[in-house]
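Single-letter residue listing:
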Amino acid sequence: MTQLFVNAAEVVTCAGPARARRGAEQGDAAVRPAVGVAVGEDGRVLAVAPDAELRADHPAAAVIDCAQGVLTPGFVDSHTHAIFGRARYEEQEMRAAGVGYLEIAKRGGGIHSSVRDLRTRSEADLASLAAARLRRIAAHGTTTLEVKSGYGLSLESELATLRVIRRLAAEVPLRLVATFLGAHEVPLEYREAPRDRGQYIALVTEEMIPAVAKEGLARFCDVFCEPGVYTVDETRRILTAARGAGMGLKLHADELENGAAAELAAELGATSADHLAAISDLGIAALAASGTVATLLPGTMLFLGRPKQAPARALVNAGVAVALASDFNPGTSPTVNFPLVLTLGVSQLRLSVAEAFVAATVNGAAALGLAGEVGQIAPGFQADLALFDVRDHREIPYWYGDQRCRRTWVGGRPAHGA
Ligand SMILES: [Zn+2]
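Attention in this report is confined to the structure presented alongside it. Because the structure is predicted, anything quoted here is derived from the model rather than measured.

Basis of the calculations
Residues numbered from 1 in each chain as written. Predicted model: local features only at pLDDT ≥ 70, side-chain atom pairs only at ≥ 80, totals over all residues. Heavy atoms only, no water. Donors = N, O, S within 2.8 Å, 3.2 Å for Na, K, Ca; no water. Helix = DSSP H or I, 4+ residues; strand = E, 2+ residues; numbered from the N terminus. Buried < 20%, exposed > 50% of the residue type's maximum accessible area, 1.4 Å probe, protein only. Pairing = 2+ DSSP bridges. Axes fitted to C-alpha atoms, helices over the stretch in contact; angles between N-to-C directions. Contact = heavy atoms within 4.5 Å. Core = buried A, V, L, I, M, F, W, Y, C linked by side-chain atoms within 4.5 Å. Parallel < 35°, antiparallel > 145°, perpendicular 65-115°, else oblique. Left-handed = near helix turned anticlockwise from the far one by under 90°. Nonpolar A, V, L, I, M, F, W, Y, C, P; charged D, E, K, R; others polar. Expected span 1.5 Å × (residues − 1). Salt bridge = Lys/Arg side-chain N within 4 Å of Asp/Glu carboxyl O. Phe/Tyr/Trp six-rings, centres within 6.5 Å; stacked < 30°, edge-to-face > 60°. Lys NZ or Arg CZ within 6 Å of the ring centre and 35° of its normal.

Bringing the coordination of the zinc ion into the picture now. Listed as protein donors to the zinc ion are His79 (NE2), His81 (NE2) and His252 (NE2); their distances from the metal cover 2.0 to 2.1 Å. The sequence motif formed by the donor residues of the zinc ion is H-x1-H-x170-H. Of this pair, His79 sits in the loop between strand E8 (75-77) and helix H2 (90-96) while His252 sits in strand E12 (residues 248-253), placing them 173 residues apart in sequence. His252 sits in the buried class, given a relative accessible area of 2%.

Strand order across the open sheet formed by six strands is E3-E2-E7-E16-E17-E18, with mixed pairing between neighbours. Each having just a single partner strand, strand E3 (31-33) and strand E18 (413-416) make up the two edges of the open sheet. In this sheet, neighbouring strand axes are inclined to one another by 25 degrees on average, regardless of whether the strands run parallel or antiparallel. In this structure, strand E2 (residues 10-12) lies alongside strand E7 (residues 70-73), joined through two bridges in parallel fashion. For Val11, the partnering residue across the bridge sits in E7 and is Leu71.

Moving on to the sheet that holds E8. Taken together, eight strands build an open sheet; the order of strands is E8-E9-E10-E11-E12-E13-E14-E15 and the sheet is parallel. Both edges of this open sheet fall to E8 and strand E15 (322-324), since each of them pairs with a single strand only. Across the sheet, the axes of successive neighbouring strands diverge by a mean angle of 25 degrees, strand direction being ignored.

Let us now look at unusual backbone geometry. Cis geometry is found at the peptide bond from Ala193 to Pro194, where omega equals 10 degrees. Phi at Leu153 is positive, roughly 55 degrees, even though this residue is not glycine. Relative to the elements of secondary structure, Leu153 occurs in the loop between strand E9 (142-148) and helix H6 (155-169). Look at Leu153 and you get buried, because its relative accessible area is 1%. Backbone geometry places Asp254, a non-glycine residue, at a positive phi of 50 degrees. Within the element layout of this structure, Asp254 appears in the loop between E12 and helix H9 (261-268). Looking at Asp254, the relative accessible area reads 0%, which means it is buried.

Topologically, Thr271 is positioned in the loop between H9 and strand E13 (272-275). Along the chain, Thr271 and Gly369 lie 98 residues apart, while their C-alpha atoms are 7.3 Å from each other. Setting aside its immediate chain neighbours within four residues, Thr271 contacts Phe220, Leu249, Gly291, Thr292, Val293, Ala366, Ala367, Leu368 and Gly369.

Turning our eyes to something else, we now look at the nonpolar core. Counting 99 residues, the largest nonpolar core has Leu168, Leu287 and Leu324 as its most contacted members. Filtering out sequence-adjacent residues up to four positions away, Leu168 remains in contact with Ile83, Ala127, Ala130, Ala131, Leu134 and Leu176. In terms of nonpolar packing, the next biggest core, distinct from the first, is built from 16 residues, Phe5, Ile64, Cys66 and Trp409 among them.

Another point: the packing of H6 against helix H7 (residues 197-215). Direction vectors running N to C along H6 and H7 enclose 25 degrees, while the axes themselves pass 10 Å from each other. Taken together, the axes of H6 and H7 are roughly parallel relative to one another. Helix-helix and strand crossings are classified by hand; for H6 and H7 the assignment is right-handed. Here Leu155, Glu158, Leu159, Leu162, Arg163 and Arg166 of H6 come into contact with H7, specifically with Glu207, Met208, Ala211, Val212 and Glu215. Classifying every residue of the contact of H6 with H7 by side-chain character gives six nonpolar, no polar and five charged.

For the rest of this paragraph, the subject is the packing of H9 against helix H10 (residues 281-288). Put simply, H9 and H10 touch, their axes get as near as 8 Å, and they point 20 degrees apart. Comparing the axis directions of H9 and H10 gives the class roughly parallel. As H9 runs across H10, the sense of the crossing is left-handed. Contacts between H9 and H10 pair Ala262, Glu263 and Ala266 from the former with Leu282, Gly283, Ala286 and Leu287 from the latter. For the contact of H9 with H10, a count of residues per class yields five nonpolar, one polar and one charged.

What follows is about H6. Along its 15 residues, H6 runs 22 Å from first to last C-alpha, staying within 8% of the 21 Å computed at 1.5 Å per residue. If you follow the buried residues of H6, they end up packed against helix H4 (111-119), helix H5 (123-138), E9, strand E10 (175-183) and H7.

Time to look at the pattern of salt bridges. For the coordinates displayed, the defined rule picks out 23 salt bridges. For Glu25, the salt bridge identified is with Arg19, shortest N-O distance 2.8 Å. For Glu25, a relative accessible area of 32% puts it in the partly exposed group. The residue Arg175 makes a salt bridge to Asp384 at a minimum N-O spacing of 2.6 Å. Of this pair, Arg175 sits in strand E10 while Asp384 is found in the loop between helix H15 (362-366) and strand E16 (385-388), placing the two residues 209 residues apart along the sequence. For Asp384, a relative accessible area of 3% translates into the label buried. A network of salt bridges, in which partner residues are shared, links Glu123, Arg163, Arg166 and Glu215.

Quick look at the packing of aromatic side chains now. Any pair of aromatic rings gets described here by the distance separating the centres and the angle formed by the planes. Under the definition given, this model contains seven aromatic pairs. Pairing Phe5 with Trp409 gives two aromatic rings, centres 4.9 Å apart and planes at 90 degrees, and the pair type is edge-to-face. Taken together, the positions of Phe5 in strand E1 (residues 3-6) and Trp409 in strand E17 (residues 405-410) put the pair 404 residues apart, joining distant regions of the chain. Since its relative accessible area comes to 0%, Phe5 is described here as buried. The buried category is assigned to Trp409, whose relative accessible area is 1%. Taken together, the ring pairs in this structure connect Phe75, Phe338, Phe357 and Phe388 into an aromatic cluster. When the ring centre of Tyr230 is taken as reference, the NZ or CZ atom of Arg197 above it lies at 5.7 Å. Cation over ring: Lys250 sits above Phe220, and NZ or CZ is 5.0 Å from the ring centre.

Structure below.
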């Protein structure tokens, strides 16, 4: 039946064109005081209007009292590595003590430790670990979540990870979007003769990508394009194969050192280029001239204790569409709290609150090819909603680290806090 969400102090609608927002457009979250939302039986928004008007138009509707809270589009978190086994808390202390990335890897930590661990686990084990974590993510207001593979780095373990994501999609109160990240690292067994990295890249392009495509397990393919990980040429080769198999493209680009990866993302027409803390002026110009969304992950730099965040202001001012994501992963960003990412978007990246909301909703959706479906509270869009116990939307990034999300709905159906 039709549902009316009434008695909200504000509704952050983000209503507008069903595409990524750039420049001045990114600065308008279309916040409306004292309106309600009507949701149809099909789970889509019918109208946003004053409560009295909605009640008059839909006298038989079920009524949900928002209790003077703030209703927002559910957050669209477009970059996570949520399928993993054990947490890697010991590395945090090592980093604090000044132990570097390479030394942590030498002591058995880093991505390879997650790979070793994941390969020993069953799909059922991985699914139950991830399901508990995904419920915590949902409890903070996220309703759409991209999830990458990339801790398997073998044909069997990458496929297993993607099957876990597919299985979770039916179990957790979130829309999930799967990304194949077989090129997250070069696995250790391909670093010594007789096997080399060229053979691993051939495995990714000739066996993994066709197998993933055949089972329809991933909407996107991603590559960690960074000096010391995958080169621009290797990345181009892998992503060209993925495009040929019908997948959309994403890149981990210019995260720690500049390698002209943003330029490659623009050249390939990637859906998003992610991280970008070390993007150059040329990279900014290339993204501005492209349709690629710049997805920024300020939680990662915070957790790593790195002083340099992505140049968000320069990106927005140059006309690049900026999204925010959590980068939820066991090594460098173990946060389930998306509102905290909004906080960092404002206080570290110097976005306005409206820019941060658009980055977390409409532009996150665009970074997943879903800008026509989710990310705004407007007629025809999925009723993916989050209700916060605050009176003003600016309090959501303000009470940093708090848990103010009370309920969420996905397609109009209660997802969290029902
Ligand atoms: Zn990542």
